[in-house]
Amino acid sequence: MTQDPCWPQRFNHQQLPVRYCADPTQAEPPLFDRARDGEAVAQLWQAPQGFVVPGSYRKFAELASVSEQFSSQGWPVWLRRSGGGLVPQGPGIVNLSLAWPVYQPLGEAAEPIYLSLCALLQRTLAHFGVASHFQAVSGSFCDGRYNLACGEGESVRKIAGTAQYWRPMPHGKGHVVLAHAVVLLDARLEAAHLAANDFEARLGSGRIYRADKTVTLAELVSDNTDLLARFREALVQELENIS
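The rules behind the values
Residues numbered from 1 in each chain as written. Predicted model: local features only at pLDDT ≥ 70, side-chain atom pairs only at ≥ 80, totals over all residues. Heavy atoms only, no water. Core = buried A, V, L, I, M, F, W, Y, C linked by side-chain atoms within 4.5 Å. Buried < 20%, exposed > 50% of the residue type's maximum accessible area, 1.4 Å probe, protein only. Helix = DSSP H or I, 4+ residues; strand = E, 2+ residues; numbered from the N terminus. Contact = heavy atoms within 4.5 Å. Axes fitted to C-alpha atoms, helices over the stretch in contact; angles between N-to-C directions. Parallel < 35°, antiparallel > 145°, perpendicular 65-115°, else oblique. Left-handed = near helix turned anticlockwise from the far one by under 90°. Nonpolar A, V, L, I, M, F, W, Y, C, P; charged D, E, K, R; others polar. Polar contact = N/O pair within 3.5 Å; in protein donor to acceptor, adjacent residues only side chain to side chain. Pairing = 2+ DSSP bridges. Phe/Tyr/Trp six-rings, centres within 6.5 Å; stacked < 30°, edge-to-face > 60°. Lys NZ or Arg CZ within 6 Å of the ring centre and 35° of its normal.

Participant: Tell me what's going on with the nonpolar core, and back it up with residues and numbers.
Facilitator: Where a protein is soluble and globular, its nonpolar side chains tend to be buried together. Counting 44 residues, the largest nonpolar core has L98, W100, I113, L217 and F231 as its most contacted members. The element best represented in this core is helix α3 (residues 106-126), accounting for eight residues. Every residue in contact with W100, bar those within four places of it in the chain, is listed here: C6, W7, P8, F11, A35, E39, A40, I113, H175, V176, V177 and A179. Counting residues in hydrophobic clusters, the runner-up holds 23 residues, among them F51, V66, I93 and F141.

As structure tokens, then:
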């Protein structure tokens, strides 16, 4: 398989044990440290039910009080340093984080990295007979050009979101890039959307998310038993196939 030069030939994945991170904002810093030392590392992880929002949400005067209210209702809110929008976490949602050193400029490498990440997820979903492609899906949470989506036209629905974070390495020796994906396996999307819309309404953000613009893997397959274990196995196989 031919790979872009900014995408590693191999990731150290250790068979991708699914880790549990009580604070999703603390899941990835250790990966940056390993990548800074020259390693290409992969991690699969889950977090408690809640919302992760960017630091830009601090502009909402009611953020602290609204977050406290939602935390008491079982929807804690975490602030992350990167941009984007609200991202749900919880049972039925799995995160893939990949980190490695990159020596090409951001402007040259960002798009090929997104395309390689999407292709990895597309091949993984193909193990389940699910076809997908990348595109923006208006009305979905944290919408972006490199969502992974299923369906076409008005019926298109987001099944995964992707992001990239870059950090410079010491002495100007390139960057560490972290490519991240949030994949909807068998989450309760209706409940997440109701809570997310209530949260945004209380902040006064004007954002509204549509449950019919997202889809879980469980909704697309006839056999949805042990989806997390099967998804992990398929992903490990595709990571092995990179080289």
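Having seen it, we continue.
Participant: Tell me about the packing of helix α2 (residues 63-72) against helix α4 (residues 189-203), and please be specific about residues and values.
Facilitator: Contact pair α2 / α4: the axes reach a minimum separation of 9 Å and the direction vectors enclose 150°. When the axes of α2 and α4 are compared, the pair comes out roughly antiparallel. For the crossing formed where α2 meets α4, the hand is right-handed. Touching L63, V66, S67, Q69 and F70 of α2 are A195, D198, F199, R202 and L203, all from α4. Partitioned by chemical class, the residues of the contact of α2 with α4 number six nonpolar, two polar and two charged.

Participant: Describe the environment of E28, and please don't skip the residues or the numbers.
Facilitator: By secondary structure assignment, the location of E28 is in the loop between β1 (18-20) and α1 (29-36). Measuring from C-alpha to C-alpha, the distance between E28 and L98 comes to 9.0 Å, with 70 residues separating the pair along the chain. Look past the residues within four positions of E28 in its chain and what remains in contact with it is W45, S97, Y165, L178 and H180. A distance of 2.6 Å separates polar atoms of two side chains, one belonging to E28 and the other to S97.

Participant: Lay out the side chain of S132 in plain terms, naming residues and giving numbers.
Facilitator: Looking at the element boundaries, S132 is found in the loop between α3 and β7 (133-134). Residue classification places S132 among the buried positions, given a relative accessible area of 13%. Among all residues touching S132, those that are not within four sequence positions of it are Q122, L125, L148, A149 and C150.

Participant: Could you give an account of the sheet that holds strand β5 (residues 87-89), with specific residues and numbers?
Facilitator: The sheet built from three strands is open, its strands ordered β4-β3-β5 with mixed pairing. The outermost strands of the open sheet, each flanked by one partner alone, are β4 (77-80) and β5. Here the strands of the sheet are splayed against their neighbours by 30° on average, with no regard to which way each runs. For strand β3 (residues 50-54) and β5, the ladder comprises three bridges, and the chain directions are antiparallel. Directly across from F51, in β5, lies its bridge partner P88.

Participant: Please set out the environment of Y57 residue by residue, giving values where relevant.
Facilitator: Relative to the elements of secondary structure, Y57 occurs in the loop between β3 and α2. Along the chain, Y57 and P105 lie 48 residues apart, while their C-alpha atoms are 29 Å from each other. With residues near it in sequence (within four places) discarded, Y57 still touches L63, L79, L86, F199, E200, L203, R207 and Y209. At 2.6 Å, the side chain of Y57 and the side chain of E200 are in polar contact.

Participant: So, the packing of aromatic side chains: which residues are in play, and what are the values?
Facilitator: Under the counting rule described, the total for this entry stands at nine aromatic pairs. Where W7 meets F11, the ring centres are 5.5 Å apart and the plane angle is 70°; that geometry is what we call edge-to-face. For the pair F51 and W75, a centre-to-centre distance of 4.9 Å together with 15° between the ring planes defines the contact as stacked. Linking F51 in strand β3 with W75 in the loop between α2 and β4, this pair joins segments that are 24 residues apart in sequence. Considered together, F51 and W75 belong to a single accessibility category, that of buried residues. Here the aromatic residues F51, F70, W75 and F199 are joined through ring pairs into a cluster of three or more. Against the face of F32 rests R167, its NZ or CZ located 3.9 Å from the ring centre.

Participant: Describe the pairing of strand β6 (residues 93-102), with residues and values.
Facilitator: Along β6, ten of the ten residues are buried, which leaves the element largely enclosed by surrounding structure. Neither face of β6 is open: one carries I93, N95, S97, A99 and P101, the other V94, L96, L98, W100 and V102, and all of them are buried. In terms of strand pairing, strand β2 (residues 41-46) meets β6 through five bridges, oriented antiparallel. What sits directly across from W45, in β6, is N95. In terms of strand pairing, β6 meets strand β10 (residues 175-184) through ten bridges, oriented antiparallel. Across the sheet, residue S97 finds its bridge partner in β10, namely H180.

Any functional reading would require information beyond the geometric quantities listed.
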